[in-house]
Amino acid sequence: MLVMKFGGTSVRNREAIERVISIVRGRLESRPMVVVSALARVTRQLCAIAESAQARRRNEAEEQLESLRERHVALAAELLEGHDALKSECLAAVDSICSDLSDFVDGVCRIGELSPRSYARIVSSGELLSSRIVAAAMNAAGIPCRWADAREMIVTDCSYMSAAPDMEMTEANIRRVFPVASKGVSVVLTQGFIASSSEGFPSVLGFEGSDYSAAIFGMALNASRVEIWTDVDGIRTADPRIVPDTSRVERISYSEASEMASLGARVLHPLTIEPARRRNIPVVVLNSAAPDSPGSEVTYGEVARGAKSIAVKEDMDFMQVSSDRPVGASCLLQAVAGELGSRGLKTGPVSVSDSCVSVVVDSGLPGLESAAQSLRERFEVKIFKDKALLSVVGNGAALSQDVMNAVLACPGDIYMAAASPSLLSVSIVVDKSVAGSAAVAMHSAIFGK
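Participant: What is the right way to read the pairing of strand β5 (residues 187–191) from this model?
Facilitator: Regular strands show a simple pattern: their side chains alternate between the two faces of the sheet. Taken across its 5 residues, β5 has 5 buried, putting it largely inside the fold. By the alternation rule, side chains of β5 split into V187, L189 and Q191 and V188 and T190, which are all buried. Bridge analysis of strand β2 (residues 32–36) against β5 gives 4 bridges, and the strand direction is parallel. The partner of V36 across the bridge, within β5, is Q191. Pairing geometry for strand β3 (residues 145–147) and β5, over 3 bridges, is parallel. Bridge pairing links W147 to L189 in β5.

Participant: Got a minute to help me understand empty space enclosed by the protein in this structure?
Facilitator: It is the rolling of a water-molecule-sized probe over the atoms that shows where space remains empty. Using the criterion set out here, one finds 1 cavity of 30 Å³ or more in the structure. Taken as a whole, the largest cavity spans an internal volume of roughly 50 Å³. If you go around the largest cavity, the residues you meet are I235, I252, A257, M260, A261, A265, V267 and L268. The leading source of residues in the lining of the largest cavity is helix α9 (residues 254–262), at 3 residues. Across the lining of the largest cavity, the residue classes tally to 8 nonpolar, no polar and no charged.

Participant: Mind showing me how you'd approach the side chain of S288 here?
Facilitator: Mapping S288 onto the fold places it in the loop between β10 (283–287) and β11 (296–299). The exposure class of S288 is buried, given its relative accessible area of 7%. Within polar-contact distance, the side chain of S288 engages the side chain of S10 at 2.7 Å. If near-sequence neighbours (up to four positions away) are discounted, S288 is found in contact with S10, R19, I23, W229 and T230.

Participant: Got a minute to help me understand helix α7 (residues 167–182) in this structure?
Facilitator: Working note: α-helix, 3.6 residues per turn, so residues spaced by three or four point in the same direction. Compared with an ideal rise of 1.5 Å per residue, which puts 16 residues at 22 Å, α7 spans 22 Å between its outermost C-alpha atoms and is within 8% of the ideal. Inspection of α7 places M167, T170, E171, N173, I174, V177, F178 and A181 among the buried residues, and these make up the whole buried set. Viewed end-on, α7 has its buried residues packed into an arc of 165°, placing them on one side of the element. With respect to the buried face of α7, the exposed residues turned more than 90 degrees away are E168, R176 and V180. Packed against the buried residues of α7 are β2, β3, β4 (155–156), β5, α8 (210–220) and α10 (273–279). The backbone nitrogen of E168 lies 3.3 Å from a side-chain oxygen of the residue at the head of α7, namely D166.

Participant: Where do I start with the packing of aromatic side chains in this structure?
Facilitator: Between two aromatic rings, the relevant description is the distance of the centres plus the angle of the planes. Considering all chains together, one arrives at 5 aromatic pairs under this definition. Each ring, one from F6 and one from W229, has its centre 5.8 Å from the other, and the planes form 20°; the classification is stacked. Placement of the pair is F6 in strand β1 (residues 2–6) and W229 in strand β8 (residues 225–230), with a sequence separation of 223 residues. W229 shares its class with F6; the two are buried. The rings of F318, F384 and Y415 are connected pair by pair, giving a single aromatic cluster. Residue placement shows R121 over the ring face of F104; its charged tip is 5.0 Å from the ring centre.

What counts and what doesn't
Residues numbered from 1 in each chain as written. Predicted model: local features only at pLDDT ≥ 70, side-chain atom pairs only at ≥ 80, totals over all residues. Heavy atoms only, no water. Buried < 20%, exposed > 50% of the residue type's maximum accessible area, 1.4 Å probe, protein only. Helix = DSSP H or I, 4+ residues; strand = E, 2+ residues; numbered from the N terminus. Pairing = 2+ DSSP bridges. 1 Å grid on protein atoms, 1.4 Å probe; cavity = no way out; pocket = protein on both sides within 12 Å on 5 of 7 lines; lining within 4 Å. Points joined across faces, edges and corners; volume = space filled by probe spheres on them. Nonpolar A, V, L, I, M, F, W, Y, C, P; charged D, E, K, R; others polar. Polar contact = N/O pair within 3.5 Å; in protein donor to acceptor, adjacent residues only side chain to side chain. Contact = heavy atoms within 4.5 Å. Expected span 1.5 Å × (residues − 1). Arc of directions from axis to C-beta. Phe/Tyr/Trp six-rings, centres within 6.5 Å; stacked < 30°, edge-to-face > 60°. Lys NZ or Arg CZ within 6 Å of the ring centre and 35° of its normal.

Here it is in C-alpha cells:
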C-alpha cells in the first residue's frame, strides 16, 4: 500500500493534472491513496479573501470569490470534456463548495470579525475544490477513483489554524474509512492540510501541511512508503532558487530531514517525519514534472556522515538579552524562554553564556516586542531586524572542520554561531542582504562542483 501526495504546483493546471494521472496509473498495483493540495496559489487567494472579509471590503471579497470559482469551473470543464455525467457531477460539487464559501464570507463581512475557526473554514476550501476535480479527472481517464473527505478521518485539537492531530482517534478513523472507500476502486483520493476539530469544525494542520497529512495517512495504513511529489528533483544540497548548481541528495535520515525542515528548508513540512518514523516508513521526495528522476529518500536506515544540505531562512529577528552581572546561563535562559514561551513564540537556534542569551525568531511575530519589554525590567535587550539564518545540516556536520571553516568564512558580519546539541547542524545569523551570497559561498566551499 502506497500514499502519494501531490502539491499545489503538481495540480496547478490541466497539463499538470494529466501528468499526475499518468504517474498514479503507473502505481496502481501498489493500491495508492492519493493526497492533493489546493491548486497553486489558491490558499494565498483564500487568505486574501478572509482578510478582505474581515476588513468588510465586500466588493473586493466578491471579486476574489468569483475569480476562484471561474478558475475551478474552467479547469473542470477542460479536464472533463466529453464526459458529460462526470462533468455535471463535478461542476455541481464545485458550485456547492463555492456557494457555501461565498455565504460564509458574506457572514464574516457583516460582522467584521475573523476568528481562527472562521479563518480555517475559509482556507480549507481550496483542497475540497482541487480534490473534487482531480478525482473526477481520474475517473474520466479510466482509473476508478473514489473521493474521501479528510475531515472525517483526521481529528485535531481546537487550535484551528495550526491544529495538532489526535493520533489515536485519527488512526482509528482512517482504518475505518479507508477500507470502505477502497472497495471497488483502484484509487482513494483525499485532501492534505485539512481536518476537523474535536468540536466538529474544519481545522487545518498549518500552512504547507499536506506533507504532514500524507505521513499521517501512511502511518495509519502501514504504507510501504510515502511519496511527496513536488516541483524539484528531490532534496537538494541547497535551495536552487538561491544557489545555482545544486546537487540531488540521494538519501538522508529522519533526523536530518527533520533538522532541515525546522531550520527553513522548504522540501518537507517540519512535522512530516514523525508519523513516518513511528512505523519506519520511507518518505521519498519526487518531481512530478520529471517522474523518472530517482528523487531523494528519507529513511530509518544508516546514512553517510557529513554535510547534506544548506538551509536558508530569511525574514528573521535576532534578539540579544544580556546582564551586567553573571546571573548564570540556566537562570538567564529560563527567563528568556519563559517570556517567549508564554506568548507562543517558537525560537530558532540559541546561544547561551553566563551573562548573555542570543535567540533567533521569525520576523513580524506578535508578542516579541511585549516579551522584550518585560525582559527589559531585568536585563538589557536588543532586537536586530532584517536578519537571516543559514544552517549546514548533516550527520555530524557540526564536527566537520571543513564545514566550520566554510561557515565562519562566509561574507558579511556573523551575529551568532551555534551548533545543535545533536551535532546535526551548525547555524549562523547574518544580515538578510548578504544571505544569498553567503549561501552561495558556503555551498561552493562545502560541496564544490
